[in-house]
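Here are the chains, one letter per residue:
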Amino acid sequence: MTNEKKLKMVLGPKEQHWVGDGFHVHTLVSPSPELYPSITPFLLMDYAPPSEFKPTSKKLGVGEHPHRGFETVTFAINGEVEHRDSAGGGGIIGTGDVQWMTAASGLVHEEFHSKEFAKTGGTFEMVQLWVNLPANKKMTPPRYQGVKNEQFPRVQLGEQTTVQVVAGKCLEKVGPCNTYTDINVFLVDNKLKDSIVLNFKEGTNSLVLVLRGKVFNEQKPLTEKSLLIYEREGESIKLDLEENTKLLVLNGDPIDEPIATYGPFVMNTREELMQAVEDYQSGKMGYL
Ligand code: MN
């Protein structure tokens, strides 16, 4: 019997806003000083719930913009995202694929629906996560990892619940995405009503986003777009799942360092932020 982590808070969906003209997102968490201790090493989570896009020849998304000091992780739950960055990274991720982009010392990139997807239109659903880097890794070179759906190991839990291991480890299966600190990222899917336990380290933060279905917390159903945030204390999370539920589960070692944020930059001090703006403006983060 392991010591269970207690649910600390549940955040509901905020009003949707457009990121460029391609991503209609709910920002479930962003890096405020108040919230950061509960969500670190994660900084931000944008969720674009399923929505229909009509066929178009337009490029839908966000054009060239910079990042420094962290990683952006994009989950194409449904649809296709095309990415290109000034460090030479790029590619198209389709349904079930994940892109783990380390901005670190800085780059500029663009994020669009793929040309093919825009042309045919259809249901688009995506999650973008910002993952913090520790101070001593913020200025390492950028890195790009694009991982296909079929490359992820899957673990069977409970009755018929599948855990897709994106990063970290679940029952000895290791996810293919490399991380700078200890992080577990799982996509959990079940058909039948089920109850599962995920084991994590003591002292780590854990977040669960409900994409489909329901999670029960002491009989109370938490429905789609709910974000569950757990206490650091404890070593496991118990999830009571309604049938046909889909979750994004995040867990990681906290990075308990000061954060300073300004738009697309997340550093430790104001001076570093000012340096980031200067480096971007003078072209040190490169061009597309
Ligand atoms: Mn971006």
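Residues numbered from 1 in each chain as written. Predicted model: local features only at pLDDT ≥ 70, side-chain atom pairs only at ≥ 80, totals over all residues. Heavy atoms only, no water.

J.: So what's going on with the overall build of the protein? Residues and values would help.
T.: What the protein contains, in helices and strands, is 3 helices and 26 strands. Its C-alpha radius of gyration of 18 Å places the protein within 12% of the 19 Å reference for a compact globule of 288 residues. Here the protein, with 288 residues, has 53% of them falling under the buried criterion. Contacts in the protein between residues far apart in sequence, at least 24 positions, make up 73% of those at least 6 positions apart. For the protein, the exposed surface amounts to about 12800 Å²; the carbon and sulfur share of it is 50%. (Helix = DSSP H or I, 4+ residues; strand = E, 2+ residues; numbered from the N terminus. Rg over C-alpha atoms; globule rule 2.2 N^0.38 Å. Buried < 20%, exposed > 50% of the residue type's maximum accessible area, 1.4 Å probe, protein only. Contact = heavy atoms within 4.5 Å. Areas by Shrake-Rupley, 256 points an atom, 1.4 Å probe, with all protein chains shown as cover.)

J.: Hey, could you go over the coordination of the manganese ion for me, with residue numbers and the actual values?
T.: Around the manganese ion, the donor atoms from the protein are His65 (NE2), His67 (NE2), His109 (NE2) and Glu111 (OE), and they sit 2.1 to 2.4 Å away. Mapped onto the polypeptide sequence, the residues donating to the manganese ion form the spacing pattern H-x1-H-x41-H-x1-E. Neither His109 nor Glu111 differs from the other in exposure class; each is buried. (Donors = N, O, S within 2.8 Å, 3.2 Å for Na, K, Ca; no water.)

J.: Tell me about the state of the cysteines, and name the residues and values.
T.: For the coordinates displayed, the defined rule picks out 0 disulfides. Cys177 provides the cysteine sulfur closest to Cys170, a residue in no disulfide bond, and the two sulfurs are 15 Å apart. Overall, Cys177 belongs to the buried group, its relative accessible area being 4%. (Disulfide = S-S within 2.5 Å.)

J.: Help me get a handle on the sheet that holds strand β3 (residues 23-29), residues and values and all.
T.: The 7 strands lie next to each other as β2-β3-β4-β11-β6-β9-β12, forming an open sheet whose pairing is antiparallel. In the strand order of this sheet, the two ends are held by β2 (17-19) and β12 (143-147), each with one partner. Neighbour-to-neighbour, the strand axes of this sheet turn through a mean angle of 25°, independent of strand direction. Where β3 meets strand β4 (residues 42-53), 3 bridges bridge the pair, whose relative direction is antiparallel. Among the inter-strand pairings, Val29 is bridged to a residue of β4, identified as Met45. (Pairing = 2+ DSSP bridges. Axes fitted to C-alpha atoms, helices over the stretch in contact; angles between N-to-C directions.)

J.: So, the side chain of His109: which residues are in play, and what are the values?
T.: Structurally, His109 can be placed in strand β10 (residues 107-113). A residue is classified by how much of its surface remains accessible, and His109, at 0% relative accessible area, is buried. In terms of polar contacts, His109 uses its side chain to reach the side chain of His67, at 3.2 Å. A distance of 3.2 Å separates the side chain of His109 from the side chain of His83, its partner in a polar contact. (Polar contact = N/O pair within 3.5 Å; in protein donor to acceptor, adjacent residues only side chain to side chain.)

J.: Requested: an account of the sheet that holds strand β5 (residues 61-67), with residues and values cited.
T.: Backbone hydrogen bonds hold the strands of a sheet together, and the pairing may be parallel or antiparallel. One open sheet holds the 4 strands; their spatial order is β5-β10-β7-β8, and the pairing between them is antiparallel. The open sheet has two free edges, formed respectively by β5 and β8 (90-93), since each of these has just one partner strand. Between one strand axis and the next, the sheet turns through 15° on average, direction left out of account.

J.: Go over the side chain of Arg68 with me, naming the residues and quoting the values.
T.: Its location among the elements puts Arg68 in the loop between β5 and β6 (70-78). Within the structure, Arg68 has its side chain in polar contact with the backbone oxygen of Ser105 (distance 2.6 Å).

J.: Give a detailed account of the pairing of strand β9 (residues 98-102), specifying residues and quantitative values.
T.: Successive residues of a regular strand alternate their side chains across the two faces of the sheet. Within β9, 5 of the 5 residues are buried, which leaves it mostly tucked inside the rest of the structure. Burial along β9 is two-sided: the face carrying Val98, Trp100 and Thr102 and the face carrying Gln99 and Met101 are both buried. Strand direction decides the pairing type here: β6 and β9, joined by 5 bridges, are antiparallel. Paired with Val73 across the bridge in β9 is Trp100.

J.: Can you tell me about helix α3 (residues 270-281), naming the residues and giving the values?
T.: With 12 residues, α3 should reach 16 Å at 1.5 Å per residue; the first-to-last C-alpha distance of 17 Å fits that figure. Where α3 is buried, its residues contact β25 (260-262) and β26 (265-267). Looking one or two residues past α3, Gly283 carries a phi angle of roughly 85°, positive in sign. (Expected span 1.5 Å × (residues − 1).)

J.: I'd like a rundown of the nonpolar core, residues and numbers included.
T.: The biggest cluster of nonpolar side chains holds 31 residues, and the ones touching the most others in it are Met45, Phe75 and Leu248. Setting aside anything within four residues of it in sequence, one finds Leu248 in contact with Met45, Phe75, Val127, Val185, Phe186, Leu187, Leu207, Val208, Leu209 and Leu211. Counting 21 residues, the second largest nonpolar core, distinct from the first, contains Phe186, Val188, Leu198 and Phe200. (Core = buried A, V, L, I, M, F, W, Y, C linked by side-chain atoms within 4.5 Å.)

J.: Report on the environment of Tyr262, specifying residues and quantitative values.
T.: Tracing the chain through its elements places Tyr262 in strand β25. When the C-alpha positions of Tyr262 and Phe186 are compared, they lie 29 Å apart, and in sequence the two are 76 residues distant. Non-local contacts of Tyr262, meaning those with residues more than four positions away in its chain, are made with Leu273 and Val277.

J.: Go over unusual backbone geometry with me, naming the residues and quoting the values.
T.: A negative phi angle is the norm for most residues apart from glycine, just as the trans form is the norm for most peptide bonds. Following Thr40, the chain continues into Pro41 via a peptide bond in cis, with omega recorded as 15°. Along the chain, Pro41 turns up in the loop between α1 (36-39) and β4. Unusually for a residue other than glycine, Glu218 sits at a positive phi of about 45°. Owing to a relative accessible area of 72%, Glu218 belongs among the exposed residues under this scheme.

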